[in-house]
Amino acid sequence: MPTLNEALRHVDLPRLEARLLLAHVSGLSHSAMVSAGPDLLPDAQWQAFCQLAQRRLAGEPVAYLLGEREFYGRRFAVSPAVLIPRPETEHLVEAALDKVGRKAGARVVDLGTGSGAIAVTLALEAPAWQVAAVDLSPDALAMAAANAAALGAPVAFHHGSWFDPLPADAQYELVVSNPPYIDAADHHLGEGDVRFEPRMALTDGNDGLDCLRAIAAAAPARLAAGGWLMVEHGYDQGLACRLLFEQAGLQQVHTLPDLAGLDRVTLGCQP
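Anyway, here's the lowdown on the structure attached to this text. All values derive from a computational prediction rather than experimental measurement. (Residues numbered from 1 in each chain as written. Predicted model: local features only at pLDDT ≥ 70, side-chain atom pairs only at ≥ 80, totals over all residues. Heavy atoms only, no water.)

**Description of the overall build of the chain**
The criterion, for reference: Only DSSP runs of H or I with at least four residues qualify as helices, and only runs of E with at least two residues qualify as strands; both kinds are numbered from the N terminus onward. Computation of the radius of gyration draws on C-alpha atoms, with the globule rule given as 2.2 Å multiplied by the number of residues to the power 0.38. Relative accessible area decides the class of each residue, using a 1.4 Å probe on protein chains only: under 20% of the type maximum gives buried, over 50% gives exposed, and in between gives partly exposed.
A tally of regular secondary structure across the chain gives 10 helices and nine strands. The C-alpha atoms of the chain give a radius of gyration of 21 Å, which matches the 18 Å a tight globule of 271 residues would have. Seen through its principal axes, the chain has C-alpha atoms that stretch 65 × 40 × 35 Å. Within the chain, buried positions represent 51% of all 271 residues.

**What about helix 4 (residues 43-57)?**
Convention followed: One less than the residue count of a helix, multiplied by 1.5 Å, gives the span that helix is expected to have. Think of the arc as the fan of directions from the helix axis to the C-beta atoms. The criterion used for residue contact is that any of the two residues' heavy atoms lie within 4.5 Å.
Between its terminal C-alpha atoms helix 4 stretches 21 Å, which fits the 21 Å expected from 15 residues at 1.5 Å a residue. Here helix 4 has its buried residues at Trp46, Phe49, Cys50, Leu52, Ala53 and Arg56. An end-on view of helix 4 places all buried positions within 170° of arc, on one side of the element. Seen from the open side of helix 4, the exposed residues pointing more than 90 degrees away from its buried face are Ala44, Gln51 and Gln54. Taken together, the buried residues of helix 4 touch helix 1 (4-10), helix 2 (15-26) and helix 5 (62-66). Of the residues flanking the end of helix 4, it is Gly59, one or two places downstream, whose phi is positive at about 110°.

**So, the pairing of strand 6 (residues 172-177)**
Our working definition: Paired strands are those between which DSSP finds at least two bridges. When the strands point away from the viewer, a crossover counts as right-handed if the path from the first strand over the helix to the second runs clockwise.
In terms of residue burial, strand 6 counts as a mostly covered element, since six of its six residues are buried. When strand 6 meets strand 7 (residues 223-232), the two strands line up parallel, connected through five bridges. What sits directly across from Leu174, in strand 7, is Trp228. One crossover worth recording links strand 6 to the parallel strand 7 by way of helix 9 (residues 210-218), and it is right-handed.

**Digging into the pattern of salt bridges**
Where we set the bar: The salt bridge criterion pairs a side-chain nitrogen of Lys or Arg with a carboxyl oxygen of Asp or Glu, the two atoms within 4 Å.
Summed over all chains, the structure comprises 12 salt bridges. Put simply, Asp193 and Arg56 hold a salt bridge, and the shortest N to O gap is 3.4 Å. Residue Asp193 is found in the loop between strand 6 and helix 9, and its partner Arg56 is found in helix 4; the two are separated by 137 residues along the sequence. Between Glu173 and Arg107 there is a salt bridge whose closest N-O contact spans 2.5 Å.

See below:
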């Protein structure tokens, strides 16, 4: 059996990734691992660490190996059934809180909720809101519901496509979505962590705009007066999204950049 320090040196992984995997199998915090470095690693934990390291070397995302990813300061369970939450999506949450505020009774729906990261975060950050979430994947919806339960977020979940499973007369002060927006021909689909994520959460199988078109076209009938539609999209889709929003009759249409200065979130208001 190796010591913890020897285990970290044994695998050909970046130091941070190796530490995360070792902390996961050992149950030790970072500070505890530092002090326990010369201690022997039990055989079962050593074998589990080696298996996770091999899977990571084969390309599996660290988030899937750990079964969780942090988003907006909270830990969300993730699996290959859902997209891994990313920091860029936090801009969508911040835009929603900024534009709608935390006023009581605001009706909100998250389309294509995946892990539930957006819907759960909004429900916890604005507890006076009435938050609903929709997803076409039963497995994703189950994970989102589990995250909501674990974090104590009151979110109503609906199985189906976009607005279809929602009450026909329901209108919302806020519609948010991080839909599949990668062009099917984009080489990034075959690289890195993305290779292991659910393809239906990444691409529409076409030019990456089909889902954005569908949401933009249907949203005005579901938005209350003064309600906002907000979507995350690709760095090169800002102009296309603004045109879709304007064609749908939305006003105050504009695009927000991410921390890298790239187009990331487009929003528009129902007159």
